[in-house]
Amino acid sequence: TAPYVIAEVNNSDINYLMKQQNVSNIDISEHNYEPCSLDTTANTIRARTIQNNGLYGYTGYGINIGMIESRGYPDTNVESLKNCNITKYTNSPTTSHATEVAEILVGKGSTQVGRGIAPDANLFCGATITTDLENILNWFVDECYIDVVNLSMGTSQYELNEYSILSSILDYYSTVYRITVVCAADNEGINGVNSLAMSYNAITVGNLYTNSSNTANDDYLNFSSSYYNCLLPQNLPSKPDLVAPGSPVSLEYGSVTGTSYAAPHVAGAIALFGEQDMLLLVCPSAIKALLAAGVYQNSFCFVPNERILTTNSNEIPLSYIQYGAGLINCVRNSTIINNQNYDFSTLYADSTYIDFNITCNANQNVRVALAYEKNVNTVSIGDALFYDTSSSIDNLNLMIYDANMNLVGSSETTYNNLEIVDFIPSTSGNYTIRIIRGISQLNSDVRFGIAWIQG
């Protein structure tokens, strides 16, 4: 073992913690923590089960992952990346950060420790400063036919808790070109989430300390993992959307910690799901709904009925604000796909609601997730494209009704574009998922995805 920092805190952070009623002691001394191997973290999210599932194992074959870094490119000479399908946008220098992220995504090391989440996916890498972001995204669209993009980029260059031009660019490309975007939340704790990860359409990932085991019940959020409190008055979505292992992860290239390494666990998992069902890849919001519905059920961050309450009640639990929907579970996600328990559609501007019917068994928990997309308006002036940076969103709500059209659960937050309802059916039979337009000033066409799982 060696000393690892699990949180960087300043005096204001400590003062904030000391004021919390459920905090009795704060330990700021240095401790030794055993880093988890990539094999352990891959097992924690159940990715190894999906990879090794006999004739039906999935490894990301045929899926194109884009990786955007602010510092450089992965070193393809390290053992775990020698035999990977990696293409670079330019010939910029290599960095350890990019190498570590790439190893989690597509590593093909000789041992399980160096085997990534989607080892047979194709990886396309771009290194950027903010002015190059559009150029790399255009390369992804025009030449690489990217399915999912991973951005493990932090705060040094980006605003916290702001919907900025960078946020709107990601939302635009996600909606127009149907690219699923995965962002690291950042490592600023209660101070907030970087503006890239504040993109509505992005799947923003927090950092879980995995406690050197393959199970989820003893895991907890790394204190440095960024989150944004959706109850604050800025009218922005709650972030992160979910969590994945990132503290500390032992790779062939070294041991690392941070949301930068949690995010590629999720992006790699999406490549597995895309190989399992290519139809998913045409709707990024369906993928977000799938991930939110299929998290671990009985783990540290599962709170039954946590999303029935609205933001106006000021009673959304801290667990959701910090952990999002929960810890990604690839087996439950794969089960949703196998059972075809997901759908996607568009609520058109002249429609108030749209219904979907599902069948549920009595006395078993059901989770339903709705994710919908933010459309970004643009204006072309000459060769330049200008993006609307307004945080306004066409609001959709999620309602669940029994066979007699009695309401059994709802999620009606105003600025979140991820709504979740957990309910326990009192009787077996048909239930109705209603996607209904909430209070909105836009009334435009809104593309959305839904997913559900029982048990």
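Residues numbered from 1 in each chain as written. Predicted model: local features only at pLDDT ≥ 70, side-chain atom pairs only at ≥ 80, totals over all residues. Heavy atoms only, no water.

Participant: Could you give an account of the sheet that holds strand β16 (residues 366-372), with specific residues and numbers?
Facilitator: Across the sheet, which stays open at both edges, the 4 strands sit in the order β14-β23-β16-β21 with antiparallel pairing between neighbours. The open sheet has two edge strands with one neighbour each: β14 (342-347) and β21 (418-423). Neighbouring strand axes in the sheet, compared pairwise and without regard to direction, differ in orientation by 15° on average. In this fold helix α8 (residues 284-293) packs onto β14, β16, β21 and β23 (446-454), with an angle of close to 25° to the strand it touches most, β23. (Pairing = 2+ DSSP bridges. Helix = DSSP H or I, 4+ residues; strand = E, 2+ residues; numbered from the N terminus. Axes fitted to C-alpha atoms, helices over the stretch in contact; angles between N-to-C directions. Contact = heavy atoms within 4.5 Å.)

Participant: Give me the lowdown on the side chain of Lys-239, citing residues and values where you can.
Facilitator: In this structure, Lys-239 sits in the loop between β10 (220-221) and β11 (242-247). Looking at Lys-239, its side chain comes within polar contact range of the main-chain oxygen of Ala-202, at 3.0 Å. Engagement of the side chain of Lys-239 in a polar contact is seen with the side chain of Thr-204, the distance being 3.3 Å. Residues in contact with Lys-239, not counting those within four places in the same chain, are Val-193, Ala-197, Met-198, Ser-199, Tyr-200, Ala-202, Thr-204, Tyr-227, Tyr-228, Lys-288 and Ile-321. (Polar contact = N/O pair within 3.5 Å; in protein donor to acceptor, adjacent residues only side chain to side chain.)

Participant: Which residues make up the pattern of salt bridges, and what are the values?
Facilitator: A complete count under the given rule lists 9 salt bridges for this structure. The salt bridge involving Arg-434 is made with Asp-355; its shortest N-O contact spans 2.8 Å. Here the residue Arg-434 occupies a position in strand β22 (residues 429-437), and Asp-355 occupies one in strand β15 (residues 353-360), the gap between them amounting to 79 residues. Classification of Arg-434 as buried rests on a relative accessible area of 14%. Put simply, Lys-239, Asp-241 and Lys-288 are held in one network by salt bridges that share partners. (Salt bridge = Lys/Arg side-chain N within 4 Å of Asp/Glu carboxyl O. Buried < 20%, exposed > 50% of the residue type's maximum accessible area, 1.4 Å probe, protein only.)

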